[in-house]
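Coordinates in review
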Amino acid sequence: MSDFANLSPQTTKAASQWLAGAMLRPTRQRVTLAALLMGDGMDRHATAEGLFAAAAVCDERVSLATVYNTLRAFCAAGLLREITVDGAKSYFDTDMCDHPHFYWEDTAELTDAPREALDIRSLPSAPSGGQIVAVDVVIRLRRN
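The notes below deal with the structure included here. Quantities reported herein were computed from a predicted structural model and do not represent experimental measurements.

1. Considerations on the packing of helix α2 (residues 28–38) against helix α4 (residues 64–76)
- Look at α2 against α4: their axes get within 10 Å of each other, and the N-to-C directions meet at 75°. What the angle tells us is that α2 and α4 run roughly perpendicular. Note on element contacts: α4 touches α2 through Thr66, Val67, Thr70, Leu71, Ala73 and Phe74, opposite Gln29, Arg30, Leu33, Ala34 and Leu37.
- Split by residue class, the contact of α2 with α4 holds 7 nonpolar, 3 polar and 1 charged.

Right, dumping it as structure tokens:
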């Protein structure tokens, strides 16, 4: 599980401002989840299950379905980026700058890879009627 921010008046205020900046209604669940995700200003890679567990530790009553729906709403509003490492595992990244990731297969951990070390010189053209909207680079790793 990722380390999450603590719930406090400061993290709740930061979360409310974050949601307001994206014009999202600050419901109790959204504010709570946003405070855990980014209330301390730190970037993190969170899973829905990890965020659900963090909310439970704080005695916040929220369903796993609500966590998934909220994370997807945050993505649609441009607050998070969903990184899918396989068909069943998604991470939600609070760092919206373009950057590559390392995925540790043995621990299922997603970490940032150095931006400056990635050198993509060209991409194929999008098919007719299509437009490239993002390029996600996930480098899969196994420990020796």
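2. Focus: the pattern of salt bridges
- If you walk through the whole model with that rule in mind, you get 9 salt bridges.
- Of the charged contacts in the structure, one is a salt bridge between Arg140 and Glu105, with a shortest N-O distance of 3.1 Å. Highlighted residues: Arg140 in strand β6 (residues 138–141) and Glu105 in the loop between β4 (101–104) and β5 (109–112), separated in sequence by 35 residues.
- In this structure, Glu105 engages Arg142 in a salt bridge whose closest nitrogen and oxygen atoms are separated by 2.8 Å. Remark: Arg142 occurs in the segment after β6 and Glu105 occurs in the loop between β4 and β5; sequence separation between them is 37 residues.
- Since its relative accessible area comes to 28%, Glu105 is described here as partly exposed.
- What makes Arg142 exposed here is its relative accessible area of 66%.
- Several salt bridges converge on common partners, so that one network encompasses Glu105, Arg140 and Arg142.

What counts, and where the lines are drawn
Residues numbered from 1 in each chain as written. Predicted model: local features only at pLDDT ≥ 70, side-chain atom pairs only at ≥ 80, totals over all residues. Heavy atoms only, no water. Axes fitted to C-alpha atoms, helices over the stretch in contact; angles between N-to-C directions. Helix = DSSP H or I, 4+ residues; strand = E, 2+ residues; numbered from the N terminus. Parallel < 35°, antiparallel > 145°, perpendicular 65-115°, else oblique. Contact = heavy atoms within 4.5 Å. Nonpolar A, V, L, I, M, F, W, Y, C, P; charged D, E, K, R; others polar. Salt bridge = Lys/Arg side-chain N within 4 Å of Asp/Glu carboxyl O. Buried < 20%, exposed > 50% of the residue type's maximum accessible area, 1.4 Å probe, protein only.

These values are about where atoms sit, not about what they do.
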